[in-house]
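Close look at the chain arrangement
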Amino acid sequence: MELLPRSPGEFGSARYWDRFFRQRGQRPFEWYGDFPQLVPVLHKYVRPRDKVLVVGCGNSELSEQMYDVGMCEDIVSIDISDAVIRQMQERSRNKRPKMSYLLMDMLQMDFPDAHFQVVLDKGTLDAILTDEEEATLAKVDKMFAEIRRVLQVGGRYLCVSLAQAHVLKKAVEYFSQEGWVVRVHQVAGSGDKQQFVLPVFVYVMTKFRKIPGSAPQILEICPEEQDKPMRVESAERLVAAVKDRQHYTLLCSQLSKTPCGEQVSLDLCDKESGKPRYTLHVVDSPLVKSSRDNRFAIFIIPQGRETEWLFGTEEGRRQLAASAGFGRLVTVALHREQHYEGMAGIQAELSGKVMELAPPGLLARQQVPFLSVGGDIGVRTVRHCDTSPLSGDYVVEDVKGDGTCYFRRLIFLRNRNVVQSEARLLDPTPLPGQKKRRKDKKKSSATEPPAAIDKSYLCCEHHKAMVAGLCLLASPDSLPGTMLAVLVVGLGGGSLPLFVHDYFSQARVTVAEIDPSMLEVATRWFGFSQDDRLQVHVSDGLDYVAKLAAEVSVVSPAAPAQYDAIMFDVDSKDLTVGMSCPPPAFVEKPFLQKVKTVLRPEGVFVLNLVCRDAQLKESVLATLREVFPLLYTRQIEGEVNEILFCQPNPEGRRDPTELGTRARALEGALRQPGHSWDSSYTLADMLQAVKIL
């Protein structure tokens, strides 16, 4: 402890370093970066015939080791401590005749201009640049100016550093403005020791003649696992990239020592594009009795299934880890923009990286199992990509679900883990005498007509609940043939309004959709079509409802309202609000009063609410109660969605048990001959857990 300076400023004091090295004696002191770790980088930039200057050499063995392995011999090492220079001269006397140690201040060196091909600095810049005070920065500027002076054009300044943000930023900005090429290497294997977990970096600044005017900066980073440098566009981006690698190293160190209380998430990016290739979640199961064989496993989530509850939520992943029976499970989600060469290819690509996330006590060469559903990586086929001015980038893709079913999904890429719309695909049925298509024939392209959509199937659980809410209307068994006026705000893929249209033979369905791109997507890719009973108005739902309410008021305050059921299934474009469905304006009291105006007294207003902010949710419910005296709620299991059924007439109150009975009656009426109702779900199930608020 007595070897440490009283203040950072002492790092630049010759007196401090004399005292430091006298107390330490002959033992070499390496700040960080052992020679075997540094050799792969040094070999790239130090040639045997180079004249090398080592600044702030201390009593490190770096100069001696470079000499002894034949990397180069013409090495001059300088330091401001007389004690350490005499010690190092004595150590190399008669052993290394071409190497010299000189007492010299690197801020004012005696060497002529352009005298060296390499200047090597191991921790010296870090020791000087301890803060960003004016005096400190001035000292660093003098150091850089001297290095620039003594280096030849084409020479390299190699700086071994921990790359604190202010240190890296200062070096990068100074030398890039001088027209030098700046490259940052992460030293392989650094940061994995128990006593020192921070990774070590080497800045490589290559001197070029300064070009008058604004020449483009060349800034690159070279991660430890690859030789090919990656170009970055700014000093800020370079500092951020280094910071990401520092955080990752610290995370791996923490995970190697203790179980993680909370799930840890990180992205592994593609080396070429820099885009996310894998998303990893580290899940520890404290209740699993860990042994040598079940300590650690990797689970590959099949493509397209990363949004499912089991894989896409913390609780789901926790259950997955517990059921798999491993103390630590790393789930791996695959990104749609990337190509994968099967399970074996993924395993080969990830094996080294995931071992960095291994739990404490795992043997170095222990085999770690790679798990998946059915042993494959799933199927994902992107059918269509586009950009909407309102919804942003979106994608339509076909994915293989559990078993043999395929589904078509609409995903808004601003919230890529949420399925916006989903429909089940029907297997094409060959005509009599027509042979079934061979599986090995050329795959269909995205320009071919989409596969047939199973319109009898509602994929989204909240859509099933919304349909079940219609049993709050007239006698359920008469509903399919009853004249119903239904307003749906929010089209998406069109499955909800299309289902109501198809199964309620007398229903007239009106849809308000703000984004014309969604009408095109629903029509082209999800089997949606309009007729005299199903019409879409491209309009903001707020404006459309306000217009309807105004028309009712103009005709007569006592004029009959227009709709038996109004359904809101509209997402919010503002991700900063704790409520992603609907937008806040849709649940403000003045607007809800307009909804009530166009809803018949015995009608039902059905709202899909997705709100993670508990306080905001209570506020929404309170506002709904003020407008609608009768309020039911149905929580969708395993999802944030909550379906609210609101009625303006308090006399229509029904017991939840009665709701289940009515739902069964409605379902029976919908299962009439000629209807291809899917038998895998029931409306009664959707209303079993309804609560009256």
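What you see is a predicted model, and the numbers here were worked out from it, not measured in a lab.

On to the pattern of salt bridges. The full count for this structure, using the stated rule, is 36 salt bridges. A salt bridge links aspartate 398 to arginine 408; its shortest N-O distance comes to 2.7 Å. Taken together, the residues aspartate 398 in strand β16 (residues 392–400) and arginine 408 in strand β17 (residues 406–412) connect sequence positions 10 residues apart. As a salt-bridge pair, lysine 464 and glutamate 461 come within 2.8 Å of each other at their nearest N and O atoms. Of the two residues, lysine 464 and glutamate 461 both sit in helix α12 (residues 461–468), three residues apart, roughly one turn of that helix.

Each strand in a sheet pairs with another by means of backbone hydrogen bonds, the pair being arranged parallel or else antiparallel. Ordered in space as β10-β11-β13-β12-β14, the five strands form an open sheet in which the pairing is mixed. The sheet is open, and its two edges are formed by β10 (264–269) and β14 (370–372), each paired on a single side. This sheet shows a mean twist of 25° between the axes of neighbouring strands, independent of strand direction. With three bridges joining them, strand β12 (residues 296–300) and β14 adopt parallel strand pairing. Across the sheet, the residue bridging to isoleucine 298 is phenylalanine 370, located in β14.

Moving on: the sheet that holds strand β4 (residues 116–122). If you trace the nine strands from one edge of the open sheet to the other, you get β3-β2-β1-β4-β5-β7-β6-β8-β9, paired in mixed fashion. With partners counted over all chains shown, the strands left at the sheet margins are β3 (100–103) and β9 (230–232), one partner each. Taking the axes of each pair of neighbouring strands and ignoring which way they run, one obtains an average angle of 20° across the sheet. Both strand β1 (residues 52–55) and strand β2 (residues 75–79) contribute to a ladder of four bridges, which runs parallel. When the sheet's bridge partners are listed, valine 55 is paired in β2 with isoleucine 78. Contacting β5 (151–161), β6 (181–186), β7 (201–206) and β8 (219–222), helix α7 (residues 165–177) runs over the sheet at an angle of about 10° to β7. The strands touched by helix α8 (residues 235–257) are β6, β7, β8 and β9; relative to β8, the strand with the most contacts, the crossing angle is about 15°.

The next thing to look at is the confidence of the model for the protein. The predicted model of the protein averages 83 in pLDDT, with 81% of residues at 70 or higher. Here residues 1–11 is a poorly scored stretch, pLDDT under 50, and it has 18 contacts once near neighbours within four places are set aside; other chains count. Confidence over residues 429–450 falls short of pLDDT 50; this stretch has 10 contacts with residues more than four positions distant or in other chains.

Turning to the packing of aromatic side chains, a few remarks are in order. As enumerated under the stated definition, the model contains 15 aromatic pairs in all. Centroid distance phenylalanine 175 to tryptophan 180: 4.7 Å. Interplanar angle 40°. Geometry classified as tilted. Each ring, one from phenylalanine 568 and one from phenylalanine 586, has its centre 5.5 Å from the other, and the planes form 90°; the classification is edge-to-face. With phenylalanine 568 in strand β22 (residues 563–568) and phenylalanine 586 in the loop between β23 (579–581) and α16 (589–598), this residue pair connects regions lying 18 residues apart in the sequence. Site record: aromatic cluster; members linked through ring pairs are Phe144, Tyr157, Tyr174, Phe175 and Trp180.

Turning to empty space enclosed by the protein, a few remarks are in order. Here the structure, examined in full by the defined rule, presents one cavity of 30 Å³ or more. Here the largest cavity is characterised by a volume of approximately 100 Å³. If you trace the largest cavity, you find 13 residues lining it, with Ala423, Ile453, Lys455, Ser495 and Leu498 closest to the centre. Put simply, the parts of the chain that give the lining of the largest cavity at least two residues each are β18 (419–424) and α13 (495–503).

Relative orientation of the contacting elements helix α6 (residues 134–150) and α7 amounts to 45°, with a least axis distance of 11 Å. Relative to α7, α6 is oriented oblique. For the element pair α6 and α7, the recorded crossing hand is right-handed. Counted together, Leu137, Val140, Asp141, Phe144, Ala145 and Arg148 of α6 and Lys170, Ala171, Tyr174 and Phe175 of α7 form the full contact between these two elements. Taken together, the residues of the contact of α6 with α7 break down into seven nonpolar, no polar and three charged.

Rules used throughout
- Residues numbered from 1 in each chain as written.
- Predicted model: local features only at pLDDT ≥ 70, side-chain atom pairs only at ≥ 80, totals over all residues.
- Heavy atoms only, no water.
- Salt bridge = Lys/Arg side-chain N within 4 Å of Asp/Glu carboxyl O.
- Helix = DSSP H or I, 4+ residues; strand = E, 2+ residues; numbered from the N terminus.
- Pairing = 2+ DSSP bridges.
- Axes fitted to C-alpha atoms, helices over the stretch in contact; angles between N-to-C directions.
- Contact = heavy atoms within 4.5 Å.
- pLDDT = per-residue confidence, 0-100.
- Phe/Tyr/Trp six-rings, centres within 6.5 Å; stacked < 30°, edge-to-face > 60°.
- 1 Å grid on protein atoms, 1.4 Å probe; cavity = no way out; pocket = protein on both sides within 12 Å on 5 of 7 lines; lining within 4 Å.
- Points joined across faces, edges and corners; volume = space filled by probe spheres on them.
- Parallel < 35°, antiparallel > 145°, perpendicular 65-115°, else oblique.
- Left-handed = near helix turned anticlockwise from the far one by under 90°.
- Nonpolar A, V, L, I, M, F, W, Y, C, P; charged D, E, K, R; others polar.

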